[in-house]
Amino acid sequence: MPFREINSKMVEATVIPGQRMFSQRGAMLAYRGDVTFTPNTAGGQGGLMSMIGRRVAGEATPLMTVEGSGTVMFGHGGHHIQVIALTGDTLYVEADRLLAFDGTLEQGTMFMGSQGGVMGMVRGQVSGQGLFTTTLKGHGSVAVMAHGGVVELPIAPGRPVHVDPQAYVAHHGDVRNKLSTALGWRDMVGRGSGEAFQLELSGSGAVYVQASEEKL
């Protein structure tokens, strides 16, 4: 069920009988029709392992299962919302950036260290984000949150994209990530700054970058 963008900070979704969607707790702003919201402690389609990953990452707050017949408006904290359409590929996104997504998508958890070595650990130290990231796979729509707006940067073979880890929101496609340290920048930007690190994404797909480095 695609999301309709009302403005940069609100989206609307149509809920159809027999289908469901998931949303972050507190994301519902208003709704029309016969719609129910139920805490989902199983972690969406990912089941137990997804929930374990979320708890290890400090994300034990359950998702809400949204069902019924009607329309729902979503938004959260005044954050900018970006709608991403998946056509069979996998989206990698921080769990705390998920606003709402189609129940048809398969949810899982990936240990970021499995791509790019210690990238997840460094990201955790620099930006406060965890070692785990949520994966959503299949055909459907996802609404994610960010600070100050989002830009989608294409990733093409032979044309990798370098992103400040703190500005990273999500990526999809056949993409590999690698963290490099720009030691020469330390004295210029200050020790511990996220700009001392670069996240290199290569392959074929796209990465979403937020305008502000503020953590949600």
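Reading the values: rules and limits
- Residues numbered from 1 in each chain as written.
- Predicted model: local features only at pLDDT ≥ 70, side-chain atom pairs only at ≥ 80, totals over all residues.
- Heavy atoms only, no water.
- Helix = DSSP H or I, 4+ residues; strand = E, 2+ residues; numbered from the N terminus.
- Contact = heavy atoms within 4.5 Å.
- Areas by Shrake-Rupley, 256 points an atom, 1.4 Å probe, with all protein chains shown as cover.
- Phe/Tyr/Trp six-rings, centres within 6.5 Å; stacked < 30°, edge-to-face > 60°.
- Buried < 20%, exposed > 50% of the residue type's maximum accessible area, 1.4 Å probe, protein only.
- Pairing = 2+ DSSP bridges.
- Polar contact = N/O pair within 3.5 Å; in protein donor to acceptor, adjacent residues only side chain to side chain.
- Salt bridge = Lys/Arg side-chain N within 4 Å of Asp/Glu carboxyl O.
- Lys, Arg positive; Asp, Glu negative; His and termini not counted.
- pLDDT = per-residue confidence, 0-100.

K.L.:
In this structure, what is going on with the overall build of the protein chain? I would like to understand it.
P.N.:
The secondary structure content of the protein chain amounts to 3 helices and 13 strands. Sequence separation of at least 24 residues holds for 80% of the intrachain contacts in the protein chain that already meet a minimum separation of 6. Counting only carbon and sulfur atoms, one obtains 53% of the accessible surface of the protein chain, whose full area is about 9700 Å².

K.L.:
Would you take a moment to explain the packing of aromatic side chains for this structure?
P.N.:
Aromatic rings in a pair are described by how distant their centres are and how their planes are angled relative to each other. Enumeration according to the criterion identifies 2 aromatic pairs in this entry. Seen in terms of ring centroids, F22 and F101 are 5.5 Å apart; in terms of plane orientation they differ by 35°. Their pairing is tilted. Of the two residues, F22 sits in strand β3 (residues 20-23) while F101 sits in strand β7 (residues 98-102), which places them 79 residues apart along the sequence. For F22, a relative accessible area of 0% gives the class buried. Among the residues examined, F101 registers a relative accessible area of 1% and is labelled buried.

K.L.:
Quick question: what am I supposed to make of the pairing of strand β5 (residues 63-74) here?
P.N.:
A regular strand places its side chains so that they alternate between the two faces of the sheet. One ladder, built from 5 bridges, connects strand β2 (residues 10-15) with β5; its direction is antiparallel. In the sheet register, A13 faces β5, and the bridge partner there is V72.

K.L.:
Where do I start with the environment of D89 in this structure?
P.N.:
Within the secondary structure, D89 is located in strand β6 (residues 80-93). Overall, the relative accessible area of 21% leaves D89 in the partly exposed class. A sequence separation of 48 residues divides D89 from K137, and the C-alpha atoms of the two residues are 5.7 Å apart. Sequence-distant contacts of D89, that is, excluding residues within four places in its chain, are made with L136, K137, G138, H172 and G173. From its side chain, D89 meets the backbone nitrogen of T87 in a polar contact 3.4 Å long. Polar side-chain contacts of D89 include one of 2.8 Å to the side chain of H172.

K.L.:
Would you explain the pattern of salt bridges in this entry?
P.N.:
Pairing between side chains of opposite charge can happen when the charged atoms of each approach one another. A complete count under the given rule lists 2 salt bridges for this structure. Salt-bridge contacts for R4 lead to E12; the nearest nitrogen and oxygen are separated by 3.0 Å. A salt bridge links R32 to E12; its shortest N-O distance comes to 2.9 Å. Remark: E12 occurs in strand β2 and R32 occurs in strand β4 (residues 28-40); sequence separation between them is 20 residues. Three or more residues joined by partner-sharing salt bridges are found here, namely R4, E12 and R32.

K.L.:
What is the right way to read the side chain of D102 from this model?
P.N.:
In this structure, D102 sits in strand β7. Within the buried set, D102 has no salt-bridge partner at all; the shortest N-O distance to an opposite charge, 10 Å, is to R20.

K.L.:
What exactly am I supposed to notice about the side chain of T65 here?
P.N.:
Of note, T65 is situated in strand β5. Excluding residues within four positions of it along the chain, T65 makes contact with R20, M21, F22, T36, F37, T38 and N40.

K.L.:
What am I meant to see in the environment of E5 here?
P.N.:
Inspection of the secondary structure puts E5 in strand β1 (residues 3-7). Between the C-alpha atom of E5 and that of V83, which follows or precedes it by 78 residues, the distance is 7.9 Å. Each residue touching E5, except ones within four places of it in the same chain, is listed here: M10, V11 and V83.

K.L.:
What am I meant to see in the environment of Q19 here?
P.N.:
Along the chain, the position of Q19 falls in the loop between β2 and β3. Residue Q19 is classed as partly exposed on the basis of its relative accessible area, which comes to 37%.

K.L.:
It is not clear to me how the confidence of the model for the protein chain should be interpreted in this structure. Could you clarify?
P.N.:
Regions with low pLDDT carry predicted coordinates that are not meant to be interpreted in detail. Mean pLDDT over the protein chain works out to 79, with 69% of the residues at or above the 70 mark. Across the protein chain, β2 holds the top mean pLDDT of 96, while helix α1 (residues 47-56) sits lowest at 45. Low pLDDT, under 50, characterises residues 44-60; the predicted model gives this stretch 37 contacts beyond four residues in sequence or across chains. A low-confidence stretch, residues 116-130 (pLDDT under 50), is modelled with 34 contacts involving residues beyond four sequence positions or located in other chains.

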